[in-house]
Amino acid sequence: MFSIAYRMVQKINIGIKRKVVERENPSEEKKILEIGAGTGDFLTSCQKHGWKCYGVEPSDQAREVAKDYNQLKLFSSIEEIGEKNFSVITLWHVLEHIPNLNETITKLNKLLTPSGTLIIAVPNYNSFDAKHYKQFWAGYDVPRHLYHFNKDSLKILLSSNGFELRTIKPMWFDSFYVSLLSEKYKHNKLIIRYLLVIFIGTISNISSLFTKEFSSQIFIFRKTVEK
């Protein structure tokens, strides 16, 4: 039942992400690059809606799955990309894994069109669920997450690399998923775990309506200067 529910939510999430990209695309040309493309499910959805899609995925296994099941050829690194002038570049829960932030963001800036959009989704350590779970909060995910961001730190990082923050959007389902992983780290019994996931995830989303501190947040940046 959990696997079925997870796939359903994943499908909905992909649709939400694609609609965000559609709304924020400043160009008539639909050309997108996803950093951390995984097995290519998001790009496949974009491709079905008329996008010219490119992706970077360092995992050999994930690239093979993308090739075999989604008919997508992904690059293993940014350096392999021969194309330029992307209207949109996305990083869905990827930036926190990248060791050389400024260098990577500078490269992405050069790959975008002059008015291109950079979309970044990251966990928010100022959210209700982060404060509730404290050291058990799954969003910290040390050592895989090398950095942790809030609104101010991400805005400063991107503004120093030629981007202007346009808006911030919520990822509503993330509060439940992060709560599920956090409860697992606390080793609660299964039935208690699922009940708490529903409760904490819901409270986190309700709280964020007032604080604007969502469990995970999508930051929409517009390129401002050439790098």
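Here goes a summary of the coordinates provided.

Those residues of helix H6 (residues 151-159) that sit buried are Leu-154, Leu-157 and Leu-158. For H6, the angular spread of the buried residues around the axis is 90°, confining them to a single face. Those residues of H6 that are exposed and aimed more than 90 degrees away from the buried face are Asp-152 and Ile-156. Buried residues in H6 make contact with helix H4 (101-111), strand E4 (112-123), strand E5 (163-170) and strand E6 (216-223). N-capping of H6 is provided by Asn-150, with a side-chain oxygen placed 3.2 Å from the backbone N of Asp-152.

In this section: the pattern of salt bridges. Scanning the entire structure with this criterion turns up 7 salt bridges. Of the charged contacts in the structure, one is a salt bridge between Asp-60 and Arg-63, with a shortest N-O distance of 2.5 Å. Here Arg-63 and Asp-60 lie together in helix H3 (residues 60-70), a separation of 3 residues that amounts to about one turn. One salt-bridge network, held together by shared partners, links Glu-79, Glu-103 and Lys-107.

The next point concerns the environment of Phe-75. Examined against the element boundaries, Phe-75 turns out to sit in the loop between H3 and strand E3 (86-92). Taking the C-alpha atoms as reference points, Phe-75 and Gly-55, separated by 20 residues in sequence, lie 6.1 Å from one another. Contact partners of Phe-75, with chain neighbours within four places excluded, come to Tyr-54, Gly-55, Val-56, Glu-57, Arg-63, Glu-80 and Ile-81.

Turning our attention to a nonpolar patch on the surface. Among the surface-exposed residues, Trp-172, Ile-206, Leu-209 and Phe-210 lie close enough to one another that they form a single nonpolar patch of about 460 Å² accessible area. The residue Trp-172 is located in the loop between E5 and helix H7 (174-185) in this model. Residue class for Trp-172 comes out partly exposed when judged on its relative accessible area of 37%.

Moving on, we come to the sheet that holds E6. The 6 strands are arranged E2-E1-E3-E4-E6-E5 in an open sheet whose pairing can be described as mixed. Each end of this open sheet is capped by a strand with a single partner; those strands are strand E2 (52-56) and E5. Adjacent strand axes in the sheet meet at a mean angle of 20° when their direction is disregarded. The pairing of E3 with E4 spans 6 bridges and is classified as parallel. Residue pairing across strands places Leu-91 opposite Ile-120, the latter belonging to E4.

We now examine the pairing of E4. Remember that side chains alternate between the two faces of the sheet whenever the strand is regular. Of all 12 residues making up E4, 10 are buried, and the element is well covered by its neighbours. Crossover E3 to E4 through H4 is right-handed. Alignment of E4 against E6, held across 7 bridges, turns out to be antiparallel. Bridging from a neighbouring strand, Val-122 pairs with Gln-217 of E6.

Attention now goes to the nonpolar core. Within the largest apolar cluster, 27 residues are counted, with the highest numbers of intra-cluster contacts made by Ile-89, Leu-91, Leu-95, Leu-118 and Leu-154. Contributions of two or more residues to this core are made by strand E1 (31-35), E2, E3, H4, E4, H6 and E6. For Leu-95, the contacting residues outside a window of four places in its chain are Leu-101, Ile-120, Val-122, Phe-149, Leu-154 and Leu-157. Among the nonpolar cores identified, the runner-up in size contains 20 residues, and Ile-14, Val-21, Ala-66 and Ile-119 belong to it.

Next up on the list: the side chain of Glu-183. Inspection of the secondary structure assignment puts Glu-183 in helix H7. For Glu-183, which is buried and forms no salt bridge, the nearest opposite charge comes from Lys-186, at a distance of 4.9 Å. Polar side-chain contacts of Glu-183 include one of 2.7 Å to the side chain of Tyr-133.

Moving on, we get to the packing of aromatic side chains. The full count for this structure, using the stated rule, is 6 aromatic pairs. Ring centres of Phe-42 and Trp-92 lie 5.6 Å apart, and the angle between their planes is 75°; this geometry places the pair in the edge-to-face category. You can see Phe-42 sitting in helix H2 (residues 41-48) and its partner Trp-92 sitting in strand E3, a full 50 residues away along the chain. Taking relative accessible area as the criterion, Phe-42 reaches 5% and is therefore assigned buried.

Rules and cut-offs
- Residues numbered from 1 in each chain as written.
- Predicted model: local features only at pLDDT ≥ 70, side-chain atom pairs only at ≥ 80, totals over all residues.
- Heavy atoms only, no water.
- Buried < 20%, exposed > 50% of the residue type's maximum accessible area, 1.4 Å probe, protein only.
- Helix = DSSP H or I, 4+ residues; strand = E, 2+ residues; numbered from the N terminus.
- Arc of directions from axis to C-beta.
- Contact = heavy atoms within 4.5 Å.
- Polar contact = N/O pair within 3.5 Å; in protein donor to acceptor, adjacent residues only side chain to side chain.
- Salt bridge = Lys/Arg side-chain N within 4 Å of Asp/Glu carboxyl O.
- Patch = residues over 30% accessible without salt bridge, like charges linked within 9 Å, V, L, I, M, F, W, Y side chains within 5 Å.
- Areas by Shrake-Rupley, 256 points an atom, 1.4 Å probe, with all protein chains shown as cover.
- Pairing = 2+ DSSP bridges.
- Axes fitted to C-alpha atoms, helices over the stretch in contact; angles between N-to-C directions.
- Right-handed = clockwise from strand over helix to strand, strands pointing away.
- Core = buried A, V, L, I, M, F, W, Y, C linked by side-chain atoms within 4.5 Å.
- Lys, Arg positive; Asp, Glu negative; His and termini not counted.
- Phe/Tyr/Trp six-rings, centres within 6.5 Å; stacked < 30°, edge-to-face > 60°.

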